[in-house]
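Next come the chains, spelled out residue by residue.
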Amino acid sequence: MATAARTTQICRNFINGQWVESRSGKTMERRNPANLDEVVAVVPLSTREEVREAIAAAKAAFPAWRDTPTPVRGKIIGKAAALLTEQKEEVARILTHEEGKIYKESLVEVQRAINIVEFMAGEGRRLGGQTLPSEMPNTFAYTIKQPLGVVGAITPWNFPVAIPFWKAAPALVTGNTMVMKPAEITPLTALKMAEIFAQAGLPPGVLNIVLGAGEDVGDELVQHPDVHAISFTGSNEVGGIIYAAGARKMKKCQCEMGGKNPLVILSDADLKLAVESAASGAFGSSGQRCTATSRVVVEEKIADQFVSMLVARAKEFTTGDGFDENVAVGPLVDENQIETVMRYLEIGKREAKLLLGGGRVTGGMHDRGLFISPTIFDHVKWDSTIAQEEIFGPVLSVIRVPDFEEALRVANSVKYGLSSSIYTNDSAKIHAFIDRIESGMTHVNSGTVWSEAHLPFGGMKGTGIGLREMGSIAVDFYTELKSVYIDYGARKQ
Ligand code: ADP
């Protein structure tokens, strides 16, 4: 059984290459969600003035970093990937201790971060523009990509390793400097990232981390005139605030928000595969991921069989401490999440038929932590609250439909559009689904949660606004495109 260092960490900001104690005098405690008796970290709630200091440091570091050749910047990012690989288990332990997800999933998250950082290191040698023909004689026309300057990142708690890395790596390799505000409740993983980049040789001021509340630290980043872009991942409510504020300031914004991802199962599907995918997609990471499978849309013909197999499989998902190898579902991240999920469970009991779970897990170690039992609702109406709103807990809604056309309509009936999946071997329906499903990522005979570092990540409709993250396109958000026309004058000779 892997374990974490059980000492309480007193967190400091990382500004201009230094670990600096906040002057605010205000702090909050972060407790282990699997055992609330344990204080994992004491987190400063920094002031706006401290954010301005970090922005000033990032601004001062920009000219030299911008002038560092892109392949050299890529080498530093590559070194960070190597260091993260060396420290994979340690980072995964911090993650499980701080956020709660099971250790096996923490290792997968860290590996995902490694993949992204490795890919972005390679962008240091690939970053290029286009050479295009000119209408004019003797004219050379091309485009170049240039950094924006100081950029801001505001990150959530649910992937506190992968998301900070996937925002920092493309921003830095393209020559920007960054100030990041991680979620208040997951500071340690972001600070570890800063440490790794510093070990990799990133110059002081290029990456700064300021801990604190969204309304102060986050808002200061959004409002400050020297921050040229904001990359945000989090709730729709906050994304809307940031996007509106960014628009008023003419700032580039990228907001990646919620999901209500459907897994469509047609009558010819391999049910064993579909059940596995539905259960792990719904209950993995305690359902606290934007790509979680939250709706199964299943053809009526096979619904009874599917549901009985699903319930049997779901009963095998034991909840508990993420460091326990026998545990499949860790705690929810904090009391706010418990409150939200419990509210939806009560709504669900009124709206649909509860088949499994439906409340907190109690007894023994569970009494010290924040555990919700894997929950399945059947006969959920497509337009009910639990079928439309993001719950962010281990809760799965089964919606029964007569045929493929209705499945597609139901799948598209939500305001979100992040991920989706279909289980069938009917090639005509597969292609129709790919063509018409309203989601930024889609899967055929695989679950909704998987994504790879070199493919764009993001959603359409209410899920995402601004350019996609990951993949080569990630660098486009962090760069300006300049068109160049050179009249080399040969025609005058
Ligand atoms: P979650 O429910 O995942 O915590 P939030 O959208 O509340 O999602 O938070 C995501 C990130 O946005 C966090 O780092 C949070 O502190 C930050 N944040 C919250 N409110 C604001 C705000 N008004 N301005 C800027 N950042 C904010």
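For the structure, see preceding data.
This write-up is about the structure you can find in this document. (Residues numbered from 1 in each chain as written. Predicted model: local features only at pLDDT ≥ 70, side-chain atom pairs only at ≥ 80, totals over all residues. Heavy atoms only, no water.)

1. Quick look at the packing of aromatic side chains
Next, step 1: If you walk through the whole model with that rule in mind, you get 8 aromatic pairs.
Next, step 2: Ring geometry for Phe165 against Phe197: centres 5.6 Å apart, planes inclined by 45°, an arrangement best described as tilted. Of the two residues, Phe165 is situated in helix α5 (residues 162–173) and Phe197 in helix α6 (residues 187–199); the sequence distance between them amounts to 32 residues.
Next, step 3: Classification of Phe165 as buried rests on a relative accessible area of 2%.
Next, step 4: Look at Trp166 and Phe457: their rings are 5.0 Å apart centre to centre, the planes differ by 50°, and that puts the pair in the tilted class. Of this pair, Trp166 sits in helix α5 while Phe457 sits in the loop between β19 (441–444) and β20 (464–465), and the two are 291 residues apart along the sequence. In this structure, Trp166 and Phe457 share a single accessibility class: buried. (Phe/Tyr/Trp six-rings, centres within 6.5 Å; stacked < 30°, edge-to-face > 60°. Helix = DSSP H or I, 4+ residues; strand = E, 2+ residues; numbered from the N terminus. Buried < 20%, exposed > 50% of the residue type's maximum accessible area, 1.4 Å probe, protein only.)

2. Overview of the environment of Asn176
Next, step 1: The residue Asn176 is located in the loop between α5 and β9 (177–181) in this model.
Next, step 2: Apart from residues lying up to four places away in sequence, Asn176 is in contact with Phe62, Trp65, Pro147, Leu148, Gly149, Val151, Ala171, Val206 and Tyr478.
Next, step 3: Only 2.7 Å separates the side chain of Asn176 from the backbone nitrogen of Leu148, close enough to count as a polar contact.
Next, step 4: Within the structure, the side chain of Asn176 is placed 2.9 Å from the backbone oxygen of Tyr478, a separation counted as a polar contact. (Contact = heavy atoms within 4.5 Å. Polar contact = N/O pair within 3.5 Å; in protein donor to acceptor, adjacent residues only side chain to side chain.)

3. Some points on the sheet that holds strand β6 (residues 131–132)
Next, step 1: Spatially, β6-β7-β21 is the arrangement adopted by the 3 strands of the open sheet, whose pairing is antiparallel. What marks the edges here is a single partner per strand, and that holds for β6 and β21 (479–487). (Pairing = 2+ DSSP bridges.)

4. Digging into the environment of Gly364
Next, step 1: Topologically, Gly364 is positioned in the loop between β15 (353–356) and β16 (375–378).
Next, step 2: Taking C-alpha positions, Gly364 is 41 Å from Leu266, a pair spaced 98 residues apart along the chain.

5. Concerning the environment of Ser267
Next, step 1: You can see Ser267 is positioned in the loop between β13 (261–265) and α9 (271–283).
Next, step 2: Its relative accessible area of 30% is what places Ser267 among the partly exposed residues.
Next, step 3: C-alpha separation for the pair Ser267 and Asn425, spaced 158 residues apart in sequence, amounts to 9.7 Å.
Next, step 4: Setting aside its immediate chain neighbours within four residues, Ser267 contacts Glu299, Lys301 and Ile302.

6. Some points on the nonpolar core
Next, step 1: Membership of the largest hydrophobic core comes to 66 residues, with the highest contact counts inside it found for Leu172, Met178 and Phe197.
Next, step 2: Discounting chain neighbours no more than four positions away, the residues touching Met178 are Ala58, Val151, Ala153, Lys167, Ala168, Ala171, Leu172, Val206, Leu207, Asn208 and Tyr478.
Next, step 3: Ranked by size, the runner-up nonpolar core spans 28 residues in total, among them Leu266, Val395, Ile399 and Ile437. (Core = buried A, V, L, I, M, F, W, Y, C linked by side-chain atoms within 4.5 Å.)

7. Description of the site of the ligand
Next, step 1: Near the ligand, the surroundings consist of 18 residues, among which Thr155, Trp157, Lys181, Glu184 and Ser235 are the closest.
Next, step 2: Between the ligand and Glu184 there is a distance of 2.9 Å, counted from an oxygen atom to a side-chain nitrogen or oxygen.
Next, step 3: In the complex, the protein chains occlude 82% of the 560 Å² of accessible area that the ligand would expose alone.
Next, step 4: If you map the ligand onto the pockets, it falls in the largest pocket.
Next, step 5: With 4 residues, helix α7 (residues 214–223) is the largest single contributor of residues to the shell around the ligand. (Near = heavy atom within 4 Å. Areas by Shrake-Rupley, 256 points an atom, 1.4 Å probe, with all protein chains shown as cover. 1 Å grid on protein atoms, 1.4 Å probe; cavity = no way out; pocket = protein on both sides within 12 Å on 5 of 7 lines; lining within 4 Å. Sits in = over half its atoms within 2 Å of the grid points.)

8. Some remarks on the layout of surface pockets
Next, step 1: A volume near 1,300 Å³ is recorded for the largest pocket.
Next, step 2: Lining the largest pocket are 42 residues, and of these Trp157, Gly234, Ser235, Glu237 and Val238 lie nearest its centre.
Next, step 3: Sorting the residues of the lining of the largest pocket by element identifies α7, β11 (227–233), α8 (236–248) and α11 (335–351) as the ones contributing at least two each.
Next, step 4: Tallied by class, the residues present in the lining of the largest pocket amount to 18 nonpolar, 13 polar and 11 charged.
Next, step 5: Here the second largest pocket is characterised by a volume of approximately 690 Å³.
Next, step 6: The wall of the second largest pocket is formed by 27 residues, among which Glu105, Val108, Arg289, Val449 and Trp450 lie closest to the centre.
Next, step 7: Elements represented by at least two residues in the lining of the second largest pocket include exactly α4 (103–126) and α9.
Next, step 8: No other element matches the 7 residues that α4 contributes to the lining of the second largest pocket.
Next, step 9: Taken together, the residues that form the lining of the second largest pocket break down as 9 nonpolar, 8 polar and 10 charged. (Points joined across faces, edges and corners; volume = space filled by probe spheres on them. Nonpolar A, V, L, I, M, F, W, Y, C, P; charged D, E, K, R; others polar.)

9. A closer look at the pattern of salt bridges
Next, step 1: Throughout the structure, instances matching the rule amount to 25 salt bridges.
Next, step 2: Glu469 serves as the salt-bridge partner of Lys167, at 3.0 Å between the closest nitrogen and oxygen. Separated by 302 residues along the polypeptide, Lys167 in helix α5 and Glu469 in the loop between β20 and α15 (474–477) bring together distant segments of the chain.
Next, step 3: Assessed through its relative accessible area of 0%, Lys167 is described here as buried.
Next, step 4: The shortest N-O distance in the salt bridge between Glu316 and Arg313 comes to 2.7 Å.
Next, step 5: Look at the salt bridges and you will find they share partners, linking Arg48, Glu49, Arg52, Asp219 and Glu220 into a network. (Salt bridge = Lys/Arg side-chain N within 4 Å of Asp/Glu carboxyl O.)

10. Overview of empty space enclosed by the protein
Next, step 1: Taken as a whole and assessed by the stated rule, the structure comprises 4 cavities of 30 Å³ or more.
Next, step 2: Estimates place the volume of the largest cavity at around 100 Å³.
Next, step 3: Looking at the largest cavity, it is lined by 15 residues, and the ones nearest its centre are Gly287, Ala292, Ser294, Ile391 and Phe392.
Next, step 4: The residue inventory of the lining of the largest cavity, partitioned by class, reads 6 nonpolar, 6 polar and 3 charged.

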